[in-house]
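# Results of the structural survey
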Amino acid sequence: MTAHSKDALAEVRRLRHQRPRRHWLMRSFRLQVMLLVGVLLAAMLLAQGAYLNHRKAEIISDQMGQRALAVAQSVAAVPELVAAFDDPDPSATIQPIAERIRRDTGARYVVVGNADSIRYSHPLPQRIGLPMVGGDNDRALIDGESYVSEAEGSLGEAMRGKTPVFDAEGNIIGIVSVGFMLDRVALDVGRHTSLGWWLVAAMVVLGFAGAYGLSHHLKRVILGLEPHEIARLAMEKEAILQSIHEGILAVNREGEITLVNQQARRFLDLPEAGEVLGRPIQEVVPNSRLREVLASGEQQFDQQMWLGDHPVVVNRVPVRHVGEIEGAVATFRSRREIVELSDALSAASRDVDMLRAQAHEFSNKLYTISGLLQLDRVADALALIHQETERAQAQMSFLMGHVADPVISGTLLGKLTRARELGVVLEIDDQSSLSLPLTAAGQEVLMTVLGNLIDNACHAARQGEGRDGKGPWVRLFFTDLGEQLLIEVEDNGPGVPPEHVERIFEEGYSTKPGRHRGIGLALVARLCAEHGGAITLEESELGGACFAVVLDRALCRAPATVAE
């Protein structure tokens, strides 16, 4: 490896290493979808669960407070407890009542105090006779309210229900305080809300599982590609569509244009693609026949048509999805380019045929001359040479004088040589003339028409085996002196049987044995129809078939063009 090559390779490797790489999260479409859907779902569930559990905790706490207040009001309404306030030792009566109620209701404490907040009952008997703590008795002892409060008492922080005790005259003589410890309340709240959190956790797990399934399905739908790969393929597809030599036009099931590449816009002389997309195909290209494909679902291949002033060859195929027609695509290429290529191939093939025929013919002539010379028949050898030269010169002189187009002259000269090789006399009528050169399309049409008709006539003449005693014979006449081009080719073969006359111009139908037949006459008939003419079959004066072809004289160049 040279030093220059090593340096170039090192530079490529350096640039490749310097190229920024996507983060692993950005490279995995499946993981992105799963995380996006899963996190959004989890966030919504957690937010909703937090709100619902908070509301549930508030409701439970409120219910605990109302429960404490209800117990306190029940205690304050006990007649024995109210009457005990007048006893010398109220706690002796009130303590048992309060403790019984405390045990029955599950409260942490039931404390009864007098108007001075001195306890008459307490879960801890040694604290009876001591002042109540918390500092939240005024609303009951002064204002006579029943309420729920949170305060820290002698047993700790509690949720307390407080209510005043009234005597028979309605005077406030004491207070009842029923408390539930806040840690107990929190425990109850946690116990009641834990199920909700478990449900939220289960839904989050199910959400991530669903997100994973969704991401897996999407990954399969997009054929396992990542978004950046899809973007690259889309850009590559667009570049390919715009760079290929064929025009492409696509429509959806409603017949609206969904795709048109640069070559198609050039053929159809259309504005920018953005101005065409979405428009009905009938407004843009009325003769596209894509509506027919949408309606029938049938494929159409190698159809010839004109798009503006461009002759094109069109293929039309429907786009199907699950058996339904979703749209149609037409691809077309310039027929002129195909004709130019065909002309080049035809010219090469014609030259090869001419050279092969001439080589074969002159080989026979040379062998004959060689034999005459070996027999010391010099005069006869010279006569044969002069005869051959005069015949060739006569043919060349006739074609140069009567056929203005050099391509057709070359075609006819090649057919004359080929006919001689086949042992067929090809006679060109002395009145034949083609006084004007042909257009490019005219050259193609006349080469195809003359080539097929002369070849068929030679084949038919050889089948007749010279039944009139003259041998295989073909006569050709052509003229452009009238309003149209006229070509007549007749032979002395067996002719066309009456039962075949109706179908002789059908593609694929032939009276000749073998495969790949029935193309030549069908092609000639189609060319005649496309160029304002027709082909007819008549009976020949030579005894065989006579094919008469009429073509539009527009295939010839105008005289002014020739003068220039």
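Residues numbered from 1 in each chain as written. Predicted model: local features only at pLDDT ≥ 70, side-chain atom pairs only at ≥ 80, totals over all residues. Heavy atoms only, no water.

## Considerations on the overall build of the protein chain
Here is the rule: Helix numbering and strand numbering both begin at the N terminus, where a helix is a DSSP run of H or I of at least 4 residues and a strand a DSSP run of E of at least 2. Contact definition: two residues touch when any of their heavy atoms are within 4.5 Å. Areas reported as accessible are Shrake-Rupley estimates using a 1.4 Å probe. Residue values count occlusion only from the protein chains shown.
What the protein chain contains, in helices and strands, is 18 helices and 14 strands. Sequence-distant contacts, at least 24 apart, represent 57% of the contacts inside the protein chain between residues at least 6 apart. Carbon and sulfur atoms form 57% of the exposed surface of the protein chain, whose accessible area is close to 32,100 Å².

## Focus: the environment of Pro 494
Its location among the elements puts Pro 494 in the loop between strand 12 (484–491) and helix 17 (520–530). It is 7.5 Å that separates the C-alpha atoms of Pro 494 and Ala 461, two residues lying 33 residues apart in sequence.

## Quick look at the nonpolar core
Cut-off, in case you're wondering: Only buried residues count toward a nonpolar core, which is a set of Ala, Val, Leu, Ile, Met, Phe, Trp, Tyr and Cys residues joined through side-chain atoms within 4.5 Å. Relative accessible area decides the class of each residue, using a 1.4 Å probe on protein chains only: under 20% of the type maximum gives buried, over 50% gives exposed, and in between gives partly exposed.
Of all hydrophobic cores here, the largest spans 42 residues; its most connected members are Ile 408, Leu 412, Leu 446, Leu 476, Ile 487 and Val 549. With residues near it in sequence (within four places) discarded, Leu 446 still touches Ile 408, Leu 434, Leu 438, Gly 451, Leu 485, Ile 487, Leu 551 and Leu 555. Grouped together as the second largest cluster of nonpolar side chains are 26 residues, Ala 72, Ile 94, Ala 107 and Val 178 included.

## Points about unusual backbone geometry
Unlike most non-glycine residues, Ser 117 shows phi in positive territory, near 65 degrees. Position of Ser 117 relative to the elements: it lies in the loop between strand 1 (109–114) and helix 6 (138–141). With a relative accessible area of 13%, Ser 117 lands in the buried category.

## Regarding the sheet that holds strand 10 (residues 425–428)
Short version of the rule: Paired strands are those between which DSSP finds at least two bridges. Structural elements are reduced to axes, namely lines fitted to C-alpha atoms, with helices fitted over the stretch in contact, and the angle between N-to-C directions of any two is expressed from 0 to 180 degrees.
What the five strands build is an open sheet, ordered 10-11-12-14-13; its pairing is mixed. At either margin of the open sheet sits one strand with a lone partner, and together these are strand 10 and strand 13 (534–539). The average angle at which neighbouring strand axes cross in this sheet is 15 degrees, direction not considered. Pairing of strand 11 (residues 473–479) with strand 12, which is carried by six bridges, proceeds in the antiparallel orientation.

## Structural notes on the side chain of Asn 315
Tracing the chain through its elements places Asn 315 in strand 8 (residues 310–321). Those residues in contact with Asn 315 that lie beyond four places of it in its chain are Gln 300, Phe 301, Asp 302, Val 329, Ala 330, Thr 331 and Arg 333.

## Examining the packing of aromatic side chains
Just so we agree on the cut-off: Only rings of Phe, Tyr and Trp enter the pairing, Trp through its six-membered ring, and a pair is recorded when the two centres are within 6.5 Å. The plane angle decides the type: under 30 degrees is stacked, over 60 is edge-to-face, the rest tilted. Note on criteria: charge over ring means Lys NZ or Arg CZ within 6 Å of the ring centre, with the direction from the centre no more than 35 degrees off the ring normal.
Counted according to the given criterion, the structure contains one aromatic pair. Measuring from centroid to centroid gives 5.3 Å for Phe 85 and Tyr 120, while their planes differ by 65 degrees, and the two rings are edge-to-face. Of this pair, Phe 85 sits in the loop between helix 4 (79–84) and helix 5 (90–105) while Tyr 120 sits in the loop between strand 1 and helix 6, and the two are 35 residues apart along the sequence. In this structure, Arg 139 is placed above the aromatic ring of Tyr 147, and the distance from its NZ or CZ to the ring centre is 4.1 Å. If you follow Arg 475 out to its NZ or CZ, it ends over the ring of Trp 473, 5.4 Å from the centre.

## Observations concerning the packing of helix 16 (residues 440–464) against helix 17
The relative placement of two packed helices is expressed as an angle between their axes plus a distance between the axes. Heads up, the rule is: Handedness of a helix crossing follows the sense of rotation of the near helix relative to the far helix, less than a right angle counterclockwise being left-handed and clockwise being right-handed. In this classification, Asp, Glu, Lys and Arg are treated as charged, Ala, Val, Leu, Ile, Met, Phe, Trp, Tyr, Cys and Pro as nonpolar, and every other residue, Gly included, as polar.
At a minimum axis distance of 9 Å, the contact between helix 16 and helix 17 shows a crossing angle of 145 degrees. The handedness of the crossing between helix 16 and helix 17 is left-handed. Seen from helix 16, the contacting residues are Val 445, Thr 448, Val 449, Asn 452, Leu 453 and Asn 456; seen from helix 17, they are Gly 520, Leu 521, Leu 523, Val 524 and Leu 527. For the contact of helix 16 with helix 17, the per-class residue count stands at seven nonpolar, four polar and no charged.

## Quick look at the pairing of strand 4 (residues 172–181)
Most of strand 4 sits out of view: nine of its 10 residues are buried. The pairing of strand 1 with strand 4 spans six bridges and is antiparallel. When the sheet's bridge partners are listed, Val 111 is paired in strand 4 with Ser 177.

## Section: the environment of Gly 207
In this structure, Gly 207 sits in helix 7 (residues 182–221). Exposure remark for Gly 207: the relative accessible area of 8% places this residue in the buried category. For Gly 207 and Val 37, which are 170 residues apart along the polypeptide, the C-alpha to C-alpha distance reads 7.9 Å.

## Brief notes about the pattern of salt bridges
Opposite charge on two side chains permits them to pair, given that their charged atoms come into close proximity. So the rule is basically this: Here a salt bridge means any side-chain nitrogen of Lys or Arg lying within 4 Å of a carboxyl oxygen belonging to Asp or Glu.
Scanning all chains against the criterion turns up seven salt bridges. The salt bridge partner of Glu 99 is Arg 102, with a shortest N-O separation of 2.9 Å. Taken as a pair, Glu 99 and Arg 102 lie in helix 5 at a separation of three residues, close to a single helical turn. Classification of Glu 99 as buried rests on a relative accessible area of 10%. The class of Arg 102 is buried, set by a relative accessible area of 18%. Notably, a salt bridge pairs Asp 455 with Lys 415, separated by 3.0 Å at the nearest N-O pair. Residue Asp 455 is found in helix 16, and its partner Lys 415 is found in helix 15 (residues 406–422); the two are separated by 40 residues along the sequence.

## Examining the pairing of strand 11
With seven of seven residues buried, strand 11 is to be regarded as a mostly interior element. Burial along strand 11 is two-sided: the residues Trp 473, Arg 475, Phe 477 and Thr 479 and Val 474, Leu 476 and Phe 478 are all buried. Taken together, strand 11 and the strand that follows it, strand 12, pair antiparallel across an intervening segment of four residues.

## With respect to helix 15
For clarity, the cut-off: An expected span of 1.5 Å times one less than the residue number is assigned to each helix. Counted as a polar contact is a pair of N or O atoms within 3.5 Å, where, for protein atoms, one must be capable of donating a hydrogen and the other of accepting one, and residues adjacent in sequence contribute only when both atoms are in side chains.
With 17 residues, helix 15 should cover 24 Å at 1.5 Å per step; its first-to-last C-alpha distance of 24 Å lies within 8% of that length. For helix 15, the complete set of buried residues consists of Ile 408, Ser 409, Thr 411, Leu 412, Leu 413, Gly 414, Lys 415, Leu 416, Thr 417 and Ala 419. Here helix 15 starts with a cap whose side-chain oxygen sits 3.0 Å from the backbone nitrogen of Val 407, and that cap is Asp 405. Downstream of helix 15 by one or two residues, Gly 423 has phi in the positive range, about 80 degrees.

## A closer look at a nonpolar patch on the surface
The condition that has to hold: A residue counts toward a patch only above 30% relative accessible area and without a salt bridge, and it is joined to like-charged neighbours within 9 Å or, for Val, Leu, Ile, Met, Phe, Trp and Tyr, to nonpolar neighbours within 5 Å.
Taken together, the side chains of Leu 36, Leu 40 and Met 44 present a nonpolar region at the surface, about 330 Å² in accessible area. Tracing the backbone shows Leu 40 in helix 3 (residues 29–76).

## Points about helix 5
Given 3.6 residues per turn, any residue in an α-helix points the same way as the ones three and four places further on. Look at helix 5: 22 Å from first C-alpha to last across 16 residues, which is about the 22 Å you get at 1.5 Å a residue. Where helix 5 is concerned, the buried positions are Pro 90, Ser 91, Ile 94, Gln 95, Ile 97, Ala 98, Glu 99, Ile 101, Arg 102 and Thr 105. Of the residues flanking the end of helix 5, it is Gly 106, one or two places downstream, whose phi is positive at about 80 degrees.

## Here's the deal with the packing of helix 15 against helix 16
Cut-off, in case you're wondering: The cut-offs work like this: below 35 degrees is roughly parallel, past 145 is roughly antiparallel, 65 to 115 is roughly perpendicular, and the gaps in between are oblique.
Across the interface, helix 15 lies against helix 16 with an axial gap of 10 Å and an inter-helix angle of 15 degrees. Classified by the angle their axes make, helix 15 and helix 16 are roughly parallel. The handedness of the crossing between helix 15 and helix 16 comes out as right-handed. Packed against helix 15, whose contacting residues are Val 407, Ile 408, Thr 411, Leu 412, Lys 415, Ala 419 and Leu 422, the element helix 16 presents Gln 443, Leu 446, Met 447, Leu 450, Gly 451, Ile 454, Asp 455, Cys 458 and Arg 462 at the interface.

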